[in-house]
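Residue strings, one per chain:
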Amino acid sequence: MERILEQIPRFFTADNMALLLQSAGLTLAMTVAGCVIGFGLAFVLVYLRQTPGRWALPLRVICVAYVEVFRRIPFIVVIYLVLFFIQTVASNASLFTIAVISICIYAIAYTAEIIRGGLESVPLTQMEAARAMNFGRLRTLVTITLPQAWPVILPPAIAFAVSFIKDTALVSQIGVFELTFRGKELNNQGYSGILVFGTIAMCYFLMSFPLSMLGQYLEKRLATPRSEQSARKIRRT
Amino acid sequence: MNYNFQYGVVWDNFGALMEGAWLTFQLGVFAFAGGILIGLLCASIKTYGPWPLRLLVDTYVVFITNTPALIQIYFLYFGLPELGVRWSNEACVLIGLVLNAGAYLTMILRAGFLSVRKNELEAGLTLGFSVVQQIRYIIVPHIAKAVYPALANFFIVVLVMGTSVGALIGVDELTGQAINLSSINYRWLEYFSVVAVIYVVLTFVASVGLALLGRWAFRVRVRIF
Amino acid sequence: MPHLAVNNLRAKYGALEVLKGVSFSIEKGQVVALVGPSGSGKSTVLRTLVGLTPVTGGNVTIHDDKIDYASSGSLRRARDQMAIVFQQYNLFQNMRIIDNVTVAPVKIKKRPKDEARADAERLLAMVGLADKLNAFPDQLSGGQQQRVAIARALALHPEILLLDEVTSALDPELVNEVLDSIRQLAKDGMTMILVSHEMAFVREVADKVVFMDGGSVVEEGLPEVLFDAPKTDRAREFFGKILRH
Ligand SMILES: Nc1ncnc2c1ncn2[C@@H]1O[C@H](COP(=O)(O)OP(=O)(O)O)[C@@H](O)[C@H]1O
Ligand SMILES: [Mg+2]
């Protein structure tokens, strides 16, 4: 205990804090890059999954299988598979790239389900009206379905990304200089584990908690129908 | 890509992987069971307890659910020995997972508690049930039915995402075994692809089992896919 | 040569055969009314025409050209010539009224934006909604939404307009405003197939009435003849019940 107290002034130096800040930045950057790209690709997956016609059956099966399989594999296993696969095909890929690809692969599987749920919440009749006017499948999605599905898709998608900030801790295992890796490094340098991992936990908390609050606020905000929003605006003016 | 896949060595060590899978399953079950106990306690406190205890539970839930399980386990494994508390790596993983699952299960169960409507309780009273009978025949079945799908889903999360964290402090569950074995002969892709399949099969069996259990015990439909 | 002819049309929902060989035709500028008890397949006929419900037998011709619903090109041409107004309006909830009316002309028919907008404003004024251009659908009453739906269909300048019970979801005091709009279209010579339970209105505007029951056409003819002197028992029973009120 005294050892910990004695270490505090040595631990909370400007240098160490700068390192932690940098690593926290990397953690966030990885999460945002992986989730945003994954979210985009998840749309492609959902779109392909809805391809009509008998010839597209194998395509639909692959899309369903992708989601099912990757939701049942631990993230750390995905990281290892990506790491060693990428290293055999492109040995000069950076660890950061590998981490982002792993996050991406995982995010696709989870957000695809969120997107599908959102799209299915839009009444079928909206799409029928568009089809009867000769809208193509993609145009219907972009101009009719998606704008109505956003309020249903965004809150859980944000919640997923926020909760994934924590799961990225696992990429420390392959040596990306994110928060957890930095924590292990400081611990190896002899700083108290309680002090180091307590601080690291605090860093995660400071990223995760406000963002999840923001997500909850957005959810409430988006769930309000437009007519009420405009009514509120009128009342305010 | 001219990588030469060699699965032979994986089959030679398949028994070791199976041992890892068995440990994964045990860790998952015990972590979930322990988490349920904590969850029940905390959800009851949140629903019926005095405010200082409620505040304590809130703090616990907010802190655990906003920090990585891995850091919580590192804290136990690398931090606690400084206070003279020395647990084995398996104990650290199990205790860490129980504490972690407990927080998430508090949220799930709390939602279930809130779903018991007042009028059902009143209906129970007018039917002449005692308090114990009410809990036994009305409240528990109702809550079980309401939260079962979320619980079943969370069990899979613990079984996959939870237990695999143990590999990072050297627990020989399924992922840990894969790391051990592949660092001997460097067939990483082979080991990890087989392990991925084992996880899919394991969780699929668990999903089917839970769906059947749910239908038989609580008459709820749980989707497997 | 009829403008549009439906020949022995069949359609299924799953295993349930909903249309069991429906035939009728419509000349250019005519108004044909589909009437019959609910569940008889009237909506399905209209949905099949625009390719929303798959055809399982028979065919549809426009100016003697067979529509091949399996070919996207043929289906696109067919949808280009027909516009449908749904019973539940189905306005795009995410778009303002003006955009609901202009989106298809601009994006699908590639008409210049300002031209499409001027046209939309004219049509919305015609159905009495010139002051609602910037409202969202959920800010309008049912009758207003239904009239927007009609304007949206007309903005496509279809050769044939399909109207599915456009007044049945409306409060009685809103029915007339919508019927007035349709009456005007009939006067202007628009070819229309309309499903309706407003028998007085049908008698007034329809050139031909097609009476359907159980997925088949039971009897067709001039409104006066069908309403006052039906030949089949089934039609006599149906119109007897309906017209007595
Ligand atoms: N989407 C659908 N799925 C299955 N059955 C349907 C569907 N739509 C309509 N039906 C059935 O098809 C039959 C005809 O319906 P419909 O064409 O809507 O009749 P109408 O418009 O004359 O009232 C009814 O028996 C109805 O139950
Ligand atoms: Mg109908």
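Conventions and cut-offs
- Residues numbered from 1 in each chain as written.
- Chains lettered and ligands numbered in written order.
- Predicted model: local features only at pLDDT ≥ 70, side-chain atom pairs only at ≥ 80, totals over all residues.
- Heavy atoms only, no water.
- Pairing = 2+ DSSP bridges.
- Helix = DSSP H or I, 4+ residues; strand = E, 2+ residues; numbered from the N terminus.
- Near = heavy atom within 4 Å.
- Polar contact = N/O pair within 3.5 Å; in protein donor to acceptor, adjacent residues only side chain to side chain.
- Areas by Shrake-Rupley, 256 points an atom, 1.4 Å probe, with all protein chains shown as cover.
- Nonpolar A, V, L, I, M, F, W, Y, C, P; charged D, E, K, R; others polar.
- Contact = heavy atoms within 4.5 Å.
- Buried area = accessible area lost by both parts, 1.4 Å probe.
- Salt bridge = Lys/Arg side-chain N within 4 Å of Asp/Glu carboxyl O.
- Expected span 1.5 Å × (residues − 1).
- Buried < 20%, exposed > 50% of the residue type's maximum accessible area, 1.4 Å probe, protein only.

What follows is about the sheet that holds strand 2 (residues 16-26) of chain C. Residue and element names in this part refer to chain C. If you trace the 4 strands from one edge of the open sheet to the other, you get 2-1-4-5, paired in antiparallel fashion. At either end of the open sheet lies a strand with only one pairing partner, and these are strand 2 and strand 5 (65-66). As paired elements, strand 1 (residues 4-13) and strand 4 (residues 55-62) share 6 bridges and run antiparallel to each other. If you follow Leu4 over to strand 4, its bridge partner there is Ile62.

All names here are of chain C. Surveying the vicinity of ligand 1 reveals the residues Tyr13, Val18, Pro37, Ser38, Gly39, Ser40, Gly41, Lys42, Ser43 and Thr44. Here Lys42 contributes a side-chain N or O atom positioned 2.9 Å from an oxygen atom of ligand 1. Taking Thr44, its side chain carries an N or O atom lying 2.4 Å from an oxygen atom of ligand 1. For ligand 1, whose unbound accessible area comes to 560 Å², protein coverage reaches 58%. With 3 residues, helix 1 (residues 42-49) is the largest single contributor of residues to the shell around ligand 1. Tallied by class, residues from the shell around ligand 1 come to 3 nonpolar, 6 polar and 1 charged.

At the interface, 39 residues of chain B touch 42 residues of chain A. Here chain B and chain A share an interface that buries about 3,500 Å² over both sides, 75% of which is from carbon and sulfur atoms. Together, Asn66, Glu82 and Met161 of chain B form the three largest contributors to the area buried by chain B at its contact with chain A, with a combined 17%. Taken together, the links from chain B to chain A amount to 0 salt bridges. Linking chain B with chain A are 8 residue pairs in polar contact (both at pLDDT 80 or more). Mapped by element, the contributors of at least two residues to the side of chain B that touches chain A are helix 3 (51-65), helix 4 (69-79), helix 7 (131-164), helix 8 (174-185) and helix 9 (188-218) of chain B. Element by element, the count of residues in the side of chain B that touches chain A is highest for helix 9 of chain B, at 11 residues. Here the side of chain B that touches chain A is composed, by residue class, of 28 nonpolar, 9 polar and 2 charged.

Quick look at helix 8 of chain B now. Along an α-helix, residues three or four apart share an orientation, since each turn contains 3.6 residues. Over its 12 residues, helix 8 of chain B runs 17 Å from end to end, which matches the ideal 16 Å to within 8%, given 1.5 Å per residue. All of the buried residues in helix 8 of chain B are Leu174, Thr175, Gly176, Gln177, Ala178, Ile179, Leu181 and Ser182 of chain B. The inward-facing, buried residues of helix 8 of chain B abut helix 4 (75-89) of chain A together with helix 2 (14-48), helix 7 and helix 9 of chain B. With its phi angle positive at about 60°, Tyr186 of chain B sits one or two positions after the end of helix 8 of chain B.

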